[in-house]
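This is what each chain is made of:
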Amino acid sequence: MLYQVEMVVKPPKEMDASTFDEIKSREKSYSQDLQRQGKWRHIWRIAGQYANISIFDVESHEELHNLLLALPLYPYMDITVTPLCRHPSSIHESDC
Ligand SMILES: O=C(O)C[C@H]1C=CC(=O)O1
């Protein structure tokens, strides 16, 4: 099942930079591990914002929910999930 996930990062003003850098480092490694597994198919920066648009490919709503709640940056992000299905005009076999 495919999902578009928009993540808007809202760094806490009171957190010191080194603590936030450590959380971002864990987030990067978690994200890249899921990308290698094929569960986090794409990630793009939204130009001009501390935000990304990502495509997840997972088995269920529950799997996506659990992956998102385990994001190290989860407490500092607004997340919007949009379920996707194949467009009948798509020429890409992987769009499912
Ligand atoms: O920078 C972001 O967009 C937030 C987050 C998502 C993956 C990652 O490595 O950081």
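Here the structure is shown first, and the text comes after it.
Anyway, here's the lowdown on the structure attached to this text. (Residues numbered from 1 in each chain as written. Predicted model: local features only at pLDDT ≥ 70, side-chain atom pairs only at ≥ 80, totals over all residues. Heavy atoms only, no water.)

## Quick look at the pattern of salt bridges
Per the stated rule, a full pass over the model turns up 5 salt bridges. The closest approach of N and O atoms between R26 and E22, which form a salt bridge, is 2.7 Å. One end of the pair, R26, and the other, E22, are both in helix 1 (residues 17-36), 4 residues apart, so they sit about a helical turn from each other. Its salt-bridge partner being R41, residue D57 comes within 2.8 Å of it at the nearest N-O pair. Here the residue D57 occupies a position in strand 3 (residues 51-57), and R41 occupies one in strand 2 (residues 40-45), the gap between them amounting to 16 residues. You can call R41 partly exposed: its relative accessible area is 29%. (Salt bridge = Lys/Arg side-chain N within 4 Å of Asp/Glu carboxyl O. Helix = DSSP H or I, 4+ residues; strand = E, 2+ residues; numbered from the N terminus. Buried < 20%, exposed > 50% of the residue type's maximum accessible area, 1.4 Å probe, protein only.)

## Points about the side chain of N52
Structurally, the position occupied by N52 is in strand 3. At 2.7 Å, the side chain of N52 and the side chain of S54 are in polar contact. Beyond its immediate stretch of four places on either side in the chain, N52 contacts V5, E6, M7, I43, W44, R45 and I46. (Polar contact = N/O pair within 3.5 Å; in protein donor to acceptor, adjacent residues only side chain to side chain. Contact = heavy atoms within 4.5 Å.)

By themselves, these observations are geometric and do not establish any function.
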